[in-house]
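Residues per chain, in single letters:
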Amino acid sequence: MSVHDVVTALADQRIDVIRLSYPDLIGVDRGRDILAHHLPAACAHGLAFCRAVYHTTPRGDVVDVAGGLDAGLPDVVVRPDLDTLVPLPWEPGVAWCLGDPVDPATGLPCPESPRDLLRRVVADLAAAGLSAVVGPELEYFLLDRDESAPGGWRRYADVPGNVYTVGRKSDPDGHLTRTMRRLDALGVGAIAGNREFDGGQFEINLTHSPALSAADRAWRFKAAIKELAHAEGRLATFMAKPFNDSGGSGFHLHVSCTGADGGNAFDDPAGPHGLSDIAHHAIAGVLTHAPAMAALLNPTVNSYKRFGPDTLAPWLIDWGLDNRSAMLRVPPERGPGARFELRLGDASANPYLAVAAVVAAIVLGVRAQARPPSPLQGYGYDRSRAALLPMNLTDALDALTADTALTEVLGKDFVTAFVSYKRDEIERFRRHVTDWEFGEYAYHL
């Protein structure tokens, strides 16, 4: 359809506002609302945004990243991707559209653009005759306002022991069913959901699809969950570990590849464990580059508080057959269902960067024809049997910059911008006096 046909179709649906949005470096949805009759101009010329929005912290400060402050805060131009246009089920008269940013001086994608980064990495995998298929699983905490609680929020329906339960026992206000219906109407591919391990924690699984589509849907899912919670006066957070007395929220990725014939390239009944050489190369690539990948899949200072013994979060570099104590688990399905589940990521990760990191590692594993070690046997978390992942953001960023093969695939300009932005986060945290420090020292010292 031409853009004019789209405008006509929107008018027929009584939609008069287009919400154009795009992800910044950390996955925050930035954007602008457009009156529908101005959509042709937005498609032709784009909408101007300050490039430094990519370098803006959650507290609203601008980090000095190359191409932003040093260049005088220039523009990027964002054009609507009309293939992503969808009505917002909970906001009548509004349709949601993803946008793609370009540098107006060169006409090329902005190097910080997570969506374009994933496109480039997917193209590298396609050069090897493969396409990645990804199924995201995300956890989050739902919070109710409570001025007496630390930070002003308490966990919704905070009753222990309700892991893997549904219904009003663990969800007295019907949050999950109401949210899943709205997600289904939005078309993000929500399949199933449940109350997770901790009070107020939920998990919703999304269907499998090609890598870019999966990242689009996961990103829209996160934005939608937060929007719907705000509309109810609640807060939904994908923060890795928001509470000291509970576990964290994961972002697991189920990944397979299809070959030129469209079949599952990971399946081979005659191969070791029923897996093909391609599958073993992919697993080896992820294991090899896992330290560097941690910077993108565990991207905050808080992320590493989710790691450690008895957390059920992976903090060692290993893989296993249907073993949830491994960083990379191969579920028991074979044939069309052959895949691996990467359990490394936490829910704060930008979906585009998380998927791009995994696909890049697969590219490198396939190129190197790498083979993984023997799979983990029994319960993991034994440092004598596996190498340790980075245990803080500084070490993860160091691992990323040291992994020249991975940074080459991801793009040096992107990695430079991401690392600069994240090192500023670390410095701001180091200067901040925490509640723990005050409680530990103020009275006695």
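Residues numbered from 1 in each chain as written. Predicted model: local features only at pLDDT ≥ 70, side-chain atom pairs only at ≥ 80, totals over all residues. Heavy atoms only, no water.

Caption draft 1: Fine view of the UniProt feature "domain: GS catalytic" (unreviewed entry) in the chain. The UniProt record annotates "domain: GS catalytic" (unreviewed entry) at residues 114-445. Taken as a whole, residues 114-445 contains 39% helix and 17% strand, while its terminal C-alpha atoms sit 47 Å from one another. (UniProt positions renumbered as here; feature names shortened; annotations may be inferred. Helix = DSSP H or I, 4+ residues; strand = E, 2+ residues; numbered from the N terminus.)

Caption draft 2: View of the pattern of salt bridges. Tallied over the full model, the rule gives 31 salt bridges. Among the salt bridges present, the one from aspartate 116 reaches arginine 119, with a minimum N-O distance of 3.0 Å. One end of the pair is aspartate 116 and the other is arginine 119, both in helix H3 (residues 114-127) and 3 residues apart, which spans about a single turn. Exposure remark for arginine 119: the relative accessible area of 29% places this residue in the partly exposed category. The partner of arginine 385 in a salt bridge is aspartate 382, with the nearest N and O atoms 3.5 Å apart. The exposure class assigned to arginine 385 is partly exposed, which follows from its relative accessible area of 43%. Residue class for aspartate 382 comes out partly exposed when judged on its relative accessible area of 31%. Salt bridges sharing common partners tie together Asp144, Asp146, Arg154, Asp173, Arg178, Glu232 and Arg234. (Salt bridge = Lys/Arg side-chain N within 4 Å of Asp/Glu carboxyl O. Buried < 20%, exposed > 50% of the residue type's maximum accessible area, 1.4 Å probe, protein only.)

Caption draft 3: View of the UniProt feature "domain: GS beta-grasp" (unreviewed entry) in the chain. Here, UniProt's "domain: GS beta-grasp" (unreviewed entry) annotation points to residues 13-106. Helix makes up 7% of residues 13-106 and strand 37%, with an end-to-end C-alpha separation of 37 Å.

Caption draft 4: Broad picture of the packing of helix H4 (residues 175-186) against helix H5 (residues 211-231). Orientation of H4 relative to H5, taken along the N-to-C sense of each, is 135 degrees, at an axis distance of 11 Å. Comparing the axis directions of H4 and H5 gives the class oblique. Where H4 crosses over H5, the handedness of that crossing is right-handed. Across from Thr179, Arg182, Leu183 and Leu186 in H4, the residues of H5 making contact are Phe221, Ala224, Ile225 and Leu228. Here the contact of H4 with H5 is composed, by residue class, of 6 nonpolar, 1 polar and 1 charged. (Axes fitted to C-alpha atoms, helices over the stretch in contact; angles between N-to-C directions. Parallel < 35°, antiparallel > 145°, perpendicular 65-115°, else oblique. Left-handed = near helix turned anticlockwise from the far one by under 90°. Contact = heavy atoms within 4.5 Å. Nonpolar A, V, L, I, M, F, W, Y, C, P; charged D, E, K, R; others polar.)

Caption draft 5: Structural context of the nonpolar core. The biggest cluster of nonpolar side chains holds 110 residues, and the ones touching the most others in it are Ile204, Met293, Phe340, Leu342 and Leu410. When residues in this core are grouped by element, the largest group, 14 residues, is from helix H7 (residues 351-368). No fewer than three residues from each of domain 1 (3-110) and domain 2 (120-410) sit in this core. Beyond its immediate chain neighbours, meaning those up to four positions away, leucine 342 contacts Phe251, His252, Leu253, Val286, Met293, Leu297, Met327, Leu328 and Val358. Membership of the second largest hydrophobic core comes to 21 residues, among which are Val3, Leu39, Leu47 and Cys110. (Core = buried A, V, L, I, M, F, W, Y, C linked by side-chain atoms within 4.5 Å. Domains from an automatic or database assignment.)

Caption draft 6: Structural context of helix H10 (residues 412-431). For H10, with 20 residues, the first-to-last C-alpha span of 29 Å sits near the 28 Å given by 1.5 Å per residue. Inspection of H10 places Phe414, Val415, Ala417, Phe418, Val419, Tyr421, Lys422, Glu425 and Ile426 among the buried residues, and these make up the whole buried set. Buried residues along H10 sit in contact with H3, helix H6 (277-297), H7, helix H8 (393-402) and helix H9 (404-410). (Expected span 1.5 Å × (residues − 1).)

Caption draft 7: A look at the domain arrangement of the chain. For the chain, the assigned domains are domain 1 (3-110) and domain 2 (120-410). Relative to domain 2, the C-alpha centre of domain 1 lies at a distance of 27 Å. At the junction of the two partners, domain 1 supplies 20 residues and domain 2 supplies 14 residues. Between domain 1 and domain 2, roughly 1300 Å² of surface is buried when both sides are summed, and carbon and sulfur atoms account for 68% of that area. When the buried surface of domain 1 facing domain 2 is broken down by residue, Trp90, Trp96 and Leu98 rank first, second and third, together holding 44% of it. At the boundary of domain 1 with domain 2, the tally comes to 0 salt bridges. The set of elements that each furnish at least two residues to the side of domain 1 that touches domain 2 consists of strand E1 (17-23), strand E5 (86-87) and strand E6 (94-102). (Buried area = accessible area lost by both parts, 1.4 Å probe.)

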